[in-house]
Amino acid sequence: MSSLSYSKHLFKLPKRSADNGLVRKVSSLFRQWDGKLSQQLALENSQFGRIPKRLLPDQTTNMTCGFCATGCGLTVHLQNKVPVNLTPNTHYPVNQGKACPKGWEALSPLFSPNRATSPMLRNAEGILEPVNWEMALRAFTAHFKQIQQNYGAESIAFLSTGQIATEEMAFLGALAKFGMGMVHGDGNTRPCMATAVTAYKQSFGFDAPPYTYQDFEESDVLVFVGANPCIAHPIMWERVCMNRHNPKIIVIDPRTTETAMQATHHYALAPKSDLMLLYAVAHVLVENQWIDQKMIEENTLYFAEFEGFLRNFNPARASRVTGLSISQIHQLAQLIHEGQRVSFWWTMGVNQSHQGTRTAQALINLALMTGNIGRPGTGANSITGQCNAMGSRLFSNTTSLLGGHDFLNPAHRQKVASLLKLDVSQIPDQNSWPYHQILAGIETGKIKGLWIIATNPAHSWIQQESFHELRKKLDFLVVQDMYHTTETAQMADLLLPAAAWGEKEGTFINSERRIGLLKRVSQAPGQALADFYIFKLIAEYWGCGGMFREWESPQAVFQIIKRLTQGQPCDINGIDDYVMLEQQGGIQWPFAEKNTVIEKERRLFTDGKFYHPDQKAYFLFEEPRVSPELPDEAYPLLLLTGRGSSSQWHTQTRTSQSNVLRQLSPEQIYAEIHPQDAETLGIDSGTSLLISSRRGSIQTTALVQPTVQPGQIFIPMHYATTNQLTLAVFDPYSHQPAYKACAVRVEIHKS
Ligand code: SF4
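Residues numbered from 1 in each chain as written. Predicted model: local features only at pLDDT ≥ 70, side-chain atom pairs only at ≥ 80, totals over all residues. Heavy atoms only, no water.

Student: Sorry, what's going on with the site of the ligand here?
Tutor: Residues in close proximity to the ligand include Cys65, Phe67, Cys68, Thr70, Gly71, Cys72, Ala99, Cys100, Lys102, Gly103 and Ile235, which together make up its full environment. When grouped by side-chain class, the residues that make up the shell around the ligand number 7 nonpolar, 3 polar and 1 charged. (Near = heavy atom within 4 Å. Nonpolar A, V, L, I, M, F, W, Y, C, P; charged D, E, K, R; others polar.)

Given below as structure tokens:
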């Protein structure tokens, strides 16, 4: 069936696949729900009035920012219950009165003319046209049920996000996997944080970033690897600037990033040689006995094996691979040794790598072997990207069963089934395919229906053209988004209009495990609904609404989520409700007991006990592998990608809707190129370039500056064409795409 052949009456199934029983069932469900939908809309639209009085904004109300995982507190100012402005919350422990440009402009994207205000269904002419919710929900149900009937329950899948509330993620995951029978569903947290998740699970026994933001201020040595907090996490960088210990700030990054420019020490190594460097540093630490023997013996396993492995990683070998001098490698090890409180921080430069998991674990190994964990100012600390990637990691039912449980563990399945009053057979006993395998499943015809929620893979997916090709193989694509203009929304057969941050309630979990509150301060436009209520409506139309009777509001689901964490490292049963979160300025997990002393900042592993059954942390390591696509004669330069400015967010879906943010970053795509290469190629800043990889060619403008090394160029990730160049390579353990390095050719573009 062509994906473009659906009319607005598509719930009348095509004759060749007609199932009158199914049609009757859908019609009957529709009749049952006729009238209930308007009640649901009325309920949704009255939620603002239903917020308990003590949370009701008078002139201002506090909530968590919805862009990045720093999770800053914002104070929204209202007049007649309409938001008119916002300011950073001066009392919130995360940001202490500061915000980056995105936070200051967080309200603007709500009022864009590009908001999706009505469900849209592709008609017989292939044009998306507005329909009402009843038609949309009947289309959703009829087509996905038909696909499952034809190809099996596993033939529909979902791709979700780190941008919606935890309660919504839990609802989606439960609905899709327990109610609709899906097995495969992943999130855009896969291209973002999967490496950190896998590294922590394997090393610590649970996905548990150990730090608190106070550690930025407590360290005397901070080591940033593949991280540029000046631009990517400006408020975290502010916390570094508040450090009163005159710290050494070490940046390990091929680029002279904004953070590297501020560092006391910058190690500009060859791209993707970080694993080799970290092993060589460990080698020097062992050689000099600069290690914490007590910590190693009492709290870890496999150090002896690691010590043996490290013999092959002397600084001379690492120098040849990294391009750093032998003395630089010794110096780096010595700086770590001399620090009393050393913290290691990483983000996408490590995560988005063909060997990201082992690189993250090489940092974890350094923290463990030097005793830099569980104390103030220490830790092996991954910095998270999206505002609720941490919520997704524990509660989206994608990589782990709700509450950080394991789909493969029968006891975990039984526990979750009991808590949710389900038959255990409703819980899949297998893991979902990761993102790229779901896409491969579309390629091979195993996945025929796809539901995409609050993400834009037609822009952001690695080797972008492959995603566009796959679209043609889907029988039915549903996109649920706040805008109808994203590249992915434009591909949909059915578009479901969603409310945005600020138009719904729920919770986010930030990088330091702090659960913060999201509030409804504005009305969603037109017929747009909170994702939560879209899921609730779908459950009713699908016929599994009974399973979700208790899931009547985000606050009710927060209570369910609490139960699901019982006995887990992320236990939050000590938190009463949203009011307590409001009063406390967010609360970090774990918070199992109600009488726990509420501290503003808490870190993990202070007792030296980890989450493996033996309570040990593990040293994990592996021989480094060569980067999958190195420069050659045809493609002699290496392309690096990353964040361009603090006013741009990912695919710019929201930030491009703000006049202010648009003016704070270049509108057109550009490529940083080293002056030496520019001279060889006859390029000046402003020259129009044609940049080609084996996947395609794009046009950019040259920015000649020595922020990159000779032989490299850098293009920000935010522009629509960047990922036409990138190469689809994945870390074998986390399955995270390696966006950061591929071979390209640069020519002057002649129009
Ligand atoms: Fe929002 Fe992140 Fe900026 Fe803080 S740093 S204001 S959370 S975008």
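Student: Any chance you could explain the side chain of serine 693 here in plain terms?
Tutor: In this structure, serine 693 sits in strand β23 (residues 688-693). Within the local environment of serine 693, its side chain forms a polar contact with the backbone nitrogen of arginine 695, the two atoms lying 3.0 Å apart. Leave out the neighbours within four places in its chain, and serine 693 touches Tyr635, Gln724, Leu725, Ala743 and Val744. (Helix = DSSP H or I, 4+ residues; strand = E, 2+ residues; numbered from the N terminus. Polar contact = N/O pair within 3.5 Å; in protein donor to acceptor, adjacent residues only side chain to side chain. Contact = heavy atoms within 4.5 Å.)

Student: Is there a simple way to think about the pattern of salt bridges in this case?
Tutor: In a structure, side chains of opposite charge can pair up when their charged atoms sit close to one another. Taken as a whole and assessed by the stated rule, the structure comprises 23 salt bridges. Arginine 255 is the salt-bridge partner of glutamate 672, the closest N and O atoms lying 3.1 Å from each other. Of this pair, glutamate 672 sits in strand β22 (residues 670-673) while arginine 255 is found in the loop between β9 (248-252) and α11 (258-262), placing the two residues 417 residues apart along the sequence. The pair formed by glutamate 672 and arginine 255 is uniform in burial state, with each residue classed as buried. Ionic pairing is found between glutamate 582 and lysine 519, a salt bridge with its closest N-O pair at 2.9 Å. You can see glutamate 582 sitting in helix α26 (residues 578-584) and its partner lysine 519 sitting in strand β18 (residues 514-520), a full 63 residues away along the chain. Classification of lysine 519 as buried rests on a relative accessible area of 5%. The network of salt bridges with shared partners includes Glu629, Asp632, Arg694 and Arg695. (Salt bridge = Lys/Arg side-chain N within 4 Å of Asp/Glu carboxyl O. Buried < 20%, exposed > 50% of the residue type's maximum accessible area, 1.4 Å probe, protein only.)

Student: I'm lost on helix α16 (residues 326-338) in this one. Help?
Tutor: Side chains that are three or four residues apart share a direction in an α-helix, a result of its 3.6 residues per turn. A rise of 1.5 Å per residue sets the reference length of α16, with its 13 residues, at 18 Å; its end C-alpha atoms lie 18 Å apart and thus fit the reference within 8%. Listed in full, the buried residues belonging to α16 are Ile329, Leu332, Ala333, Leu335 and Ile336. Summarising the axial view, the buried residues of α16 lie within an arc of 155 degrees, below the 170-degree limit, and thus occupy one face. (Expected span 1.5 Å × (residues − 1). Arc of directions from axis to C-beta.)

Student: Looking at this model, I keep getting lost on unusual backbone geometry. Mind explaining?
Tutor: Across the chain, the bulk of peptide bonds are trans and the bulk of non-glycine residues have phi less than zero. A cis amide bond, omega 0 degrees, links tryptophan 589 with the succeeding residue proline 590. With respect to the helices, strands and loops of the structure, proline 590 is situated in the loop between β19 (587-588) and β20 (617-618). Even without being a glycine, phenylalanine 605 presents a positive backbone phi close to 65 degrees. Summarising the element assignment, phenylalanine 605 is placed in the loop between β19 and β20.

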